[in-house]
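Observations on chain architecture
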Amino acid sequence: MSRVPTFSSPFMLGFDEIERALDRVSKTAGDGYPPYNIERLPRTETAPDTLRITLAVAGFTQDQLEILLEESQLVIRGRQADDKSRQYLHRGIAARQFQRTFLLAEGMEVTGAELANGLLAVDLVRPEPERIIRRIDIVARD
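Procedures and definitions
- Per chain, residues are indexed from 1 in the order of the written sequence.
- Given that this is a predicted model, residues contribute local features only at a pLDDT of at least 70 and side-chain atom pairs are listed and counted only at 80 or more, while totals for whole chains, interfaces and linings are drawn from all residues.
- Hydrogens and water molecules were not included; the side-chain quantities draw on all heavy atoms of the structure.
- Two aromatic rings from Phe, Tyr or Trp, using only the six-membered ring of Trp, form a pair when their centres are within 6.5 Å; if the ring planes differ by under 30 degrees the pair is stacked, by over 60 it is edge-to-face, and anything between is tilted.
- Numbering of helices and strands starts at the N terminus; helices are DSSP runs of H or I of at least 4 residues and strands are runs of E of at least 2.
- Residue burial is assigned from relative accessible area. The probe radius is 1.4 Å, only protein chains are included, and a residue is buried under 20% of its type maximum, exposed over 50%, and partly exposed in between.
- By definition, two strands form a pair when at least two bridges between them are found by DSSP.
- Interaxial angles span 0 to 180 degrees and are taken between N-to-C directions of axes, which are lines fitted to C-alpha atoms, for helices over the stretch in contact.
- One speaks of a salt bridge when a side-chain nitrogen belonging to Lys or Arg is within 4 Å of a carboxyl oxygen belonging to Asp or Glu.

**Quick notes on the packing of aromatic side chains**
- Across all of its chains, the model carries three aromatic pairs by this definition.
- Their ring planes at 85° and their centres at 5.3 Å tell us that tyrosine 36 and phenylalanine 102 sit as a pair that is edge-to-face. Pair noted here: tyrosine 36 is in strand 1 (residues 36–41) and phenylalanine 102 is in strand 5 (residues 98–103), with a separation of 66 residues, a long-range link.
- For tyrosine 36, a relative accessible area of 37% translates into the label partly exposed.

**A few points about the sheet that holds strand 1**
- Judged by pairing direction, the sheet is antiparallel, and its four strands sit side by side in the order 1-2-7-6 without closing on themselves. Both edges of this open sheet fall to strand 1 and strand 6 (109–116), since each of them pairs with a single strand only. When strand polarity is set aside, the average angle formed by the axes of neighbouring strands in this sheet is 20°.

**Quick word on the environment of proline 129**
- Along the chain, proline 129 turns up in the segment after strand 7 (119–125).
- Among the residues examined, proline 129 registers a relative accessible area of 72% and is labelled exposed.
- Spatially, the C-alpha atom of proline 129 lies 9.2 Å from that of glycine 107, the residues being 22 residues apart in sequence.

**Some words on the pattern of salt bridges**
- Summed over all chains, the structure comprises five salt bridges.
- Of the charged contacts, one joins arginine 43 and aspartate 49 as a salt bridge, the two residues approaching to 3.2 Å between their closest N and O atoms.
- Here arginine 79 ties to glutamate 66 by a salt bridge, and the two come within 3.5 Å at their closest N and O atoms. In this pair, arginine 79 is assigned in the loop between strand 4 (73–78) and strand 5 and glutamate 66 in strand 3 (residues 65–70), connecting sequence segments 13 residues apart.
- Among the residues examined, glutamate 66 registers a relative accessible area of 31% and is labelled partly exposed.

Any functional reading would require information beyond the geometric quantities listed.
Structure below.
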């Protein structure tokens, strides 16, 4: 059975990239580790609309975390290695790896990241869209 494209309307031209992005997001939505919040920070006179992604990364150090911007995706990875020198009597906290991917809208910019108290905060700026009106000349062909 073939899948009917979401953006198959003849009035929606050039939205195939958005449909592919929605497919990618739906495939990675099931993993719940690490938990995260996304919040909108209030606009100030000096700062535009800002979004903050906060991930709970307790147990990870700064050098075990990596943040990459790959085309329109924000990729956050954490890698912990088992410490072979330790002998555990009970092990409830596992050394774990993760990768969280967030699809960013065109023009979104990452302004910084901070690790404090086991929380990794990544700030993004939402660009102000320009309203563009352009007249298209009609060429008459006889």
